[in-house]
Amino acid sequence: MPSWIGQAFRRGILTSRFPRAPASREEVPETSRPPVLPPGLERIAVLGRAADDCPTGAITADGLYHGRCIRCARCTRQGFTFGGRALANASRPEDLYSPGGGPLPERLGPAPLAGLGRSLQLFLVDAGSCLACNREVLALANPYYDAARLGITFVNSPHHADVLVVVGIPTRPILEPLRRAYEALPGPKAVLAIGACALEGGLFRGNPGTQAPLYETLPVDLFVPGCPPSPLDILAGVLTLAGRMKCLPGVPA
Amino acid sequence: MIDPSALLLDASLATLFAAVPASWGGRRLAYAFSFAGSALLFAAATAALVLGPFTALSYGGPFGETETLGLDALSAFFALSASVVWIGASAFSLSYDERPGPGLAQAFALTLGSIAVLFAAGNFLLFLAAWEGMTLASFWMILEATGRRGPVLSAGLVFLAFGEGSTLLVALAVAGFHAATGTFAMVSVLAVPVSTGIFLCALVGFGLKMGVAPFHMSEWLPIAHSSAPSNASAVLSATLTLAGVYGLFRVISLLPAGPDWWGGVVLAIGAISALLGALFASVSEHVKGLPAYSTIENNGLILVAVGVALVARSQGLGTLYAFALFAAFFQALAHAVAKGTLFLFTGYVERATGTFDLNEVRGRARGRSPGAALGGIVSGLSFAAAAPLAGFVGEWMILEALFQSYRFEGPAFEFLGLLAGAAVALSLGLALVAMVKLVGFSLLWNPQDSPAGRRQSGPGPPLAALSGAILALGVGAPWVLTFIAPAIRGLSHQALSAPVGQLLDMPARWSILSGSPFGILSPPAVPIGIALGSLVALGYFFLGGRTASRRVPIWVSGRAPSPVGETYTSFGFSTGIRIMLGSLLGTRELRRRSGGITAVAIEGPEVYNVELEVLDAFKVLYDDLVRGGLALSAALKRFLMPGRPGRYLAYVLITVLAVLIYLTAAG
Ligand code: SF4
Ligand code: SF4
């Protein structure tokens, strides 16, 4: 008997139980969760100092744009800590703004694909990423996350897809193919933007040769913040689009 | 009093052969004779099935044997199947054959005549003579392709080599019969050891003509490589292989129930052929090569049914034996008619577009002749096993027979049945791909830039009539089975009735039963169901049902569609199979700047065309064998015939000595 068969029985089922059970702390580690400003600190002063330090402009003098954060952890020197509530997504970039730097309010994105039942096909377009987001998205196909158990699969042509998943900051040459891909998707369809780059450009915002933000090119339905977001964040985003997330099972802060 | 059925058969044979001299009065006259002869054969065969067997002619032949010409139920069934194809092919040839000389018409007539004699022969000597005549006549027909040199000649020679090999083995089988029975008359052999030898010789000999693996080169090579004329291809692929099936059944009908491994061998060969044929059909880009491969597949399916029948016979499973025989016969009939139609359709495509490359056809055969298009679509659908056409019923029956292979005794046979079932199911799926490709790329898909083909009116009526036949065979399958039951009764040596019966409240004969407790199919109910379903859909549509459609440009990896128009090639259509089943197909990637089939253009620093070449492992094997054989004979020649007179004198001396020694020893 090949050793892997015995191994499979010894180890049992390892596949994540999300979304039937909440995501565990290991599945969404501290470092992939948003920074928060713990209560009890001198907010104005901390925000001011952190704003100077933050490379992406996620921190401003009066709040935190979660969509821009790249989890670089520089702000921790000023008193921010990681480990905010994970698994947040939003349909508008403004919804990812938290005044005062506190945790994001619990809010569920729209569900434009709620009529599609249990089958959802994803077409992934890399608009100009560092490949980290790609890896996290494609991790959904591995045996641990196993999105296929939820009827979610990746397809090779937009003609067969329901969701256009975009990662990375749009570079100029990809804009036209992106539009073509969106055009080629049969309706009902949705666009899911993954990671800081696809939200507002992340670290590369304003780079010549790129054209952020993505939502000016395509009608983005849902943003999943992070740099990169964890696979479960992405899965939650896909399930939200399909109306299959009843509430955000965020990891407790 | 003269038997009217006998008169019909005599008239038919005379007319079929009279077409040869008639060809000097014009090709069309010759084809008209062939048409009339085929129609008479149809009538004679029908008479034999309805009124019972008859002998039309008997005369004293060589070796003091009585030679007879006549039809019994078994040969009548095959004559009937072939005559349907011939009627269509002759009618089609009237407008198709535009060659300067009468050669093709003569070869065509001779082939038809010798196959008819083969069916009618009541004696193995005449059978052998007709078998050889059929091989030679069809060899001539292949040579009638454009020019007799180069690839045409070599393809023809391959056909001849396989054909003569087949004659040799069939002759061996006949010799076995003679040794066992002391006569060339078709009488049963009872001893098992000699019948095993006869069976194996017959299996290989007739298998060679059926083009089953590993002899499938004999099927596709002459047709595809020489691009043999289409009416010739129809006769070759539909009825020459049918002659092989007939021969196999004739021999089986005369042999005792052998050991069960006979059936196992047949089953394995059939399953492999079916899979190989379908696989290569699905990746073939040749308008004629594709149906030729499909013939390999279908003959494989027939062999699968024969294999199930033989195992069932050896193991005493009466019902399954009868059902599998019915399946084999029905599939043989369905294949002959549909394949004849499909080849005639390829003739129409060839005339309309002037090419054999599916990538070049590009839908140009569309709208040139509605009747011919109908023929292509219906026969293609039949091979794709679409209900309610003939192919669907035949393939359903074969699968049903395989489902019952669990009744076999012994795990080896059960397992074999299981594997064969999987192979058959896979080959059916691949056949669907192949047929969609052939019919789709010649008729249904029309890019804007492809020029119009040539308008034709000739091929329409025969093809439309044949497609009607395919539909009728499918819908009327229970009646057809009842009609051909006498042919199967002859094989089972016992009374049996067609596997048709009553289902729920439907009238008797509306359904085919595969044996209790098993599958039921009601072919006449299928079109009714389809019609009702269509009515519902149409009703929904007319009562204001919503339909939404949106046209988007073709998706070419996000690139802008090329200004000259992106085309979906037939090559691209099956490239998935080329890649996925690369290990079976021996797919190799060739990079070319130009030439070959432009398959995939990959943009990068350089633009080049990728051609995926598939390889028939058996062809490689034969090529190696040929090369080895040639090398061996060259070496022998150098050794035995070095050109020294002394050596030759020594040979003469040795021979004389050997004869002397033999004579003294014998004396
Ligand atoms: S972790 Fe985020 S918020 Fe903190 S400094 Fe880096 S980018 Fe800015
Ligand atoms: S969001 Fe972060 S991880 Fe994702 S592509 Fe941009 S830089 Fe890479």
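Please read these numbers as outputs of a predicted model, since none were measured by experiment. (Residues numbered from 1 in each chain as written. Chains lettered and ligands numbered in written order. Predicted model: local features only at pLDDT ≥ 70, side-chain atom pairs only at ≥ 80, totals over all residues. Heavy atoms only, no water.)

**Q** For this particular structure, what's the right way to read the overall build of chain A?
**A** From N to C terminus, chain A includes six helices and ten strands. With the C-alpha coordinates aligned to their principal axes, the bounding extent of chain A is approximately 60 × 50 × 35 Å. For chain A, with 253 residues in total, the buried portion stands at 51%. In chain A, of all internal contacts separated by at least 6 residues, the share reaching a separation of at least 24 is 81%. Split by element, the accessible area of chain A, about 11400 Å² in all, is 57% carbon and sulfur. The average position of the 25 basic charges and that of the 20 acidic charges among the side chains of chain A differ by 5 Å. (Helix = DSSP H or I, 4+ residues; strand = E, 2+ residues; numbered from the N terminus. Buried < 20%, exposed > 50% of the residue type's maximum accessible area, 1.4 Å probe, protein only. Contact = heavy atoms within 4.5 Å. Areas by Shrake-Rupley, 256 points an atom, 1.4 Å probe, with all protein chains shown as cover. Lys, Arg positive; Asp, Glu negative; His and termini not counted. Charge placed at Lys NZ, Arg CZ, Asp CG, Glu CD.)

**Q** Mind showing me how you'd approach the domain arrangement of chain A here?
**A** Many authors give the size of an interface as the accessible area that is lost as the parts come together. All names here are of chain A. Parsing chain A into structural domains produces domain 1 (30-99) and domain 2 (114-241). A separation of 24 Å is found between the C-alpha centroids of domain 1 and domain 2. In this complex, domain 1 contributes 18 residues to the contact, which on the side of domain 2 involves 21 residues. Taking both sides of the interface into account, the surface hidden between domain 1 and domain 2 amounts to around 1600 Å²; carbon and sulfur atoms contribute 57%. Where Arg-68 meets Glu-200, a salt bridge forms, and the shortest distance between an N and an O atom there is 3.2 Å. Joining domain 1 to domain 2, the criterion identifies three residue pairs in polar contact (both at pLDDT 80 or more). The residue inventory of the side of domain 1 that touches domain 2, partitioned by class, reads nine nonpolar, six polar and three charged. (Domains from an automatic or database assignment. Buried area = accessible area lost by both parts, 1.4 Å probe. Salt bridge = Lys/Arg side-chain N within 4 Å of Asp/Glu carboxyl O. Polar contact = N/O pair within 3.5 Å; in protein donor to acceptor, adjacent residues only side chain to side chain. Nonpolar A, V, L, I, M, F, W, Y, C, P; charged D, E, K, R; others polar.)

**Q** Can you help me understand the packing of helix H3 (residues 73-96) of chain B against helix H9 (residues 230-254) of chain B in this one?
**A** Two packed helices can be described by the angle between their axes and the distance between those axes. Residue and element names in this part refer to chain B. At a minimum axis distance of 10 Å, the contact between H3 and H9 shows a crossing angle of 175°. Put simply, H3 runs roughly antiparallel to H9. The segment H3 lies against H9, with Leu-74, Ser-75, Phe-78, Ser-81, Ala-82, Val-85, Trp-86, Ser-93 and Tyr-96 engaging Ser-230, Asn-231, Ala-234, Val-235, Ala-238, Thr-239, Leu-242, Val-245, Tyr-246, Phe-249, Arg-250 and Ser-253. Among the residues forming the contact of H3 with H9, the class breakdown is 13 nonpolar, seven polar and one charged. (Axes fitted to C-alpha atoms, helices over the stretch in contact; angles between N-to-C directions. Parallel < 35°, antiparallel > 145°, perpendicular 65-115°, else oblique.)

**Q** What exactly am I supposed to notice about the sheet that holds strand E3 (residues 63-65) of chain A here?
**A** What holds strands together in a sheet is hydrogen bonding between their backbones, with the strands either parallel or antiparallel. All names here are of chain A. Pairing is antiparallel in the open sheet, where three strands are placed in the order E2-E3-E5. Edge strands, defined here as strands with exactly one partner in the open sheet, are strand E2 (59-60) and strand E5 (97-99). Examined bridge by bridge, E2 and E3 share two bridges and lie antiparallel to one another. Looking across to E3, one finds that Thr-60 is bridged to Gly-63. (Pairing = 2+ DSSP bridges.)

**Q** Sorry if this is basic, but what is going on with the site of ligand 2 here?
**A** All names here are of chain A. Surveying the vicinity of ligand 2 reveals the residues Ser-129, Cys-130, Ala-132, Cys-133, Gly-195, Ala-196, Cys-197, Phe-204, Gly-226, Cys-227 and Pro-228. Elements that contribute at least two residues to the shell around ligand 2 include exactly helix H3 (132-138) and helix H5 (195-199). Here the element with the most residues in the shell around ligand 2 is H5; it accounts for three residues. For the shell around ligand 2, the class distribution of residues is eight nonpolar, three polar and no charged. (Near = heavy atom within 4 Å.)

**Q** I would appreciate a short explanation of the nonpolar core in the present structure.
**A** Most often, soluble globular proteins keep nonpolar side chains buried together rather than apart. B:Phe78, B:Trp86, B:Phe127, B:Phe249, B:Phe329 and B:Met397 are the most contacted members of the largest nonpolar core, which totals 189 residues. Sort the elements by how many residues they give to this core and helix H12 (residues 318-353) of chain B lands first, with 23 residues. With sequence-adjacent residues up to four places away left out, B:Phe127 is seen in contact with B:Leu118, B:Ala121, B:Val170, B:Met186, B:Phe206, B:Tyr246 and B:Gly247. A:Phe18, A:Leu140, A:Leu150 and A:Leu235 belong to the second largest nonpolar core, which has 31 residues in total. (Core = buried A, V, L, I, M, F, W, Y, C linked by side-chain atoms within 4.5 Å.)

**Q** Which parts of the structure should I look at to understand the interface of chain A and chain B?
**A** Each partner contributes to the interface: chain A provides 14 residues, whereas chain B provides nine residues. At the boundary of chain A with chain B, total buried surface from both sides reaches about 710 Å², with 57% on carbon and sulfur atoms. Sorting the residues of chain A by area buried against chain B places A:His159, A:Arg180 and A:Glu183 first, and these three jointly supply 59% of that buried surface. At the junction of chain A with chain B, the criterion picks out one salt bridge. For the pair chain A and chain B, the number of links is three residue pairs in polar contact (both at pLDDT 80 or more). Considering each element in turn, the side of chain A that touches chain B owes the most residues, five residues, to helix H4 (residues 172-184) of chain A. Tallied by class, residues from the side of chain A that touches chain B come to seven nonpolar, four polar and three charged.

**Q** When you look at the sheet that holds strand E3 (residues 500-501) of chain B in this model, what are you seeing that I'm missing?
**A** Residues and elements named next belong to chain B. Reading across the sheet, the three strands line up as E3-E4-E5 and stay open at both edges, with antiparallel pairing between neighbours. The sheet is open, and its two edges are formed by E3 and strand E5 (520-521), each paired on a single side. Judged from the two bridges that link them, E3 and strand E4 (residues 511-513) form a sheet pairing that is antiparallel. Its bridge partner lying in E4, Gly-501 is registered against Ser-511.

**Q** What should I look at first to understand the domain arrangement of chain B in this one?
**A** According to the domain assignment, chain B contains domain 1 (259-446 + 455-547) and domain 2 (618-666). A straight line from the C-alpha centre of domain 1 of chain B to that of domain 2 of chain B covers 50 Å.

**Q** It is not clear to me how the packing of helix H5 (residues 124-143) of chain B against helix H7 (residues 192-210) of chain B should be interpreted in this structure. Could you clarify?
**A** Residues and elements named next belong to chain B. The geometry of H5 relative to H7 is characterised by a closest axis approach of 13 Å and an angle of 30° between their N-to-C directions. Taken as axis vectors, H5 and H7 run roughly parallel relative to one another. The two elements H5 and H7 cross, and the hand of that crossing is left-handed. Contacts between H5 and H7 involve Phe-127, Trp-131, Met-134 and Thr-135 from the former and Gly-205, Phe-206 and Lys-209 from the latter. (Left-handed = near helix turned anticlockwise from the far one by under 90°.)

**Q** What's the story with a nonpolar patch on the surface in this structure? I'm lost.
**A** On the surface, B:Ile528, B:Leu532, B:Leu535, B:Leu538, B:Phe541 and B:Phe542 cluster together to form a nonpolar patch covering roughly 650 Å² of accessible area. By secondary structure assignment, the location of B:Leu532 is in helix H19 (residues 525-542). (Patch = residues over 30% accessible without salt bridge, like charges linked within 9 Å, V, L, I, M, F, W, Y side chains within 5 Å.)

**Q** Explain helix H2 (residues 27-51) of chain B to me, please; I cannot follow it from the model alone.
**A** Since there are 3.6 residues in each turn of an α-helix, residues three or four apart along the chain are aligned in direction. Residue and element names in this part refer to chain B. The terminal C-alpha atoms of H2 lie 36 Å apart, and with 25 residues this matches the ideal 36 Å at 1.5 Å per residue to within 8%. The set of residues buried in H2 consists of Ala-30, Tyr-31, Ser-34, Gly-37, Ser-38, Leu-41, Ala-44, Ala-45, Ala-47, Ala-48 and Leu-49. Within two residues after H2, Gly-52 carries a phi angle of roughly 110°, on the positive side. (Expected span 1.5 Å × (residues − 1).)

**Q** Where do I start with the site of ligand 1 in this structure?
**A** The immediate surroundings of ligand 1 are formed by 14 residues, with A:Cys54, A:Cys69, A:Cys72, A:Ala73 and A:Cys75 found nearest. The class makeup of the residues in the shell around ligand 1 is eleven nonpolar, one polar and two charged.

**Q** How should the pattern of salt bridges be read in this particular structure?
**A** Oppositely charged side chains can form a pair if their charged atoms are brought close together. Per the stated rule, a full pass over the model turns up 13 salt bridges over all chains. The partner of B:Arg627 in a salt bridge is B:Asp624, and the shortest N-O contact between them spans 3.1 Å. Linking B:Arg627 with B:Asp624, this pair stays in helix H23 (residues 617-640), spanning three residues, or about one helical turn. Judged by its relative accessible area of 39%, B:Asp624 is partly exposed. Connected through shared salt-bridge partners, A:Arg25, A:Glu30 and A:Arg33 make up one network.

**Q** What should I look at first to understand the environment of B:Val204 in this one?
**A** Residues and elements named next belong to chain B. With respect to the element layout, Val-204 can be found in helix H7. Residues Val-204 and Leu-535, spaced 331 residues apart in sequence, show a C-alpha to C-alpha distance of 51 Å. Ignoring anything within four residues of it in the chain, the contact list for Val-204 reads Leu-169 and Phe-215.

**Q** Explanation requested: the confidence of the model for chain A in the structure shown.
**A** For residues with low pLDDT, the predicted coordinates do not support detailed interpretation. Residues of chain A with pLDDT of at least 70 account for 96%, and the chain-wide mean is 87. Looking over chain A, one finds the lowest element-wise mean pLDDT in E5(A), namely 84, and the highest in strand E8 (residues 163-168) of chain A, namely 96. (pLDDT = per-residue confidence, 0-100.)

**Q** Mind showing me how you'd approach helix H6 (residues 231-241) of chain A here?
**A** All names here are of chain A. Of all eleven residues that make up H6, eleven are buried, and the element is covered over most of its length. Within H6, the full set of buried residues consists of Pro-231, Leu-232, Asp-233, Ile-234, Leu-235, Ala-236, Gly-237, Val-238, Leu-239, Thr-240 and Leu-241. Buried positions along H6 lie against strand E6 (120-128), H3, strand E7 (152-154), E8, strand E9 (190-194) and strand E10 (222-224). Note on H6: the residue one or two positions beyond its end, Gly-243, has a positive phi of about 70°.

**Q** I keep staring at the pairing of E6(A) and nothing clicks. Help me out?
**A** Note on strand geometry: in a regular strand, side chains alternate between the two faces of the sheet. Residue and element names in this part refer to chain A. Here three bridges tie E6 to E7, and the two strands are oriented parallel to one another. Considered in E7, the bridge of Leu-122 is made with Phe-154. Once the chain exits E6 it traverses H3 before rejoining the sheet at E7, and the crossover so formed is right-handed. (Right-handed = clockwise from strand over helix to strand, strands pointing away.)

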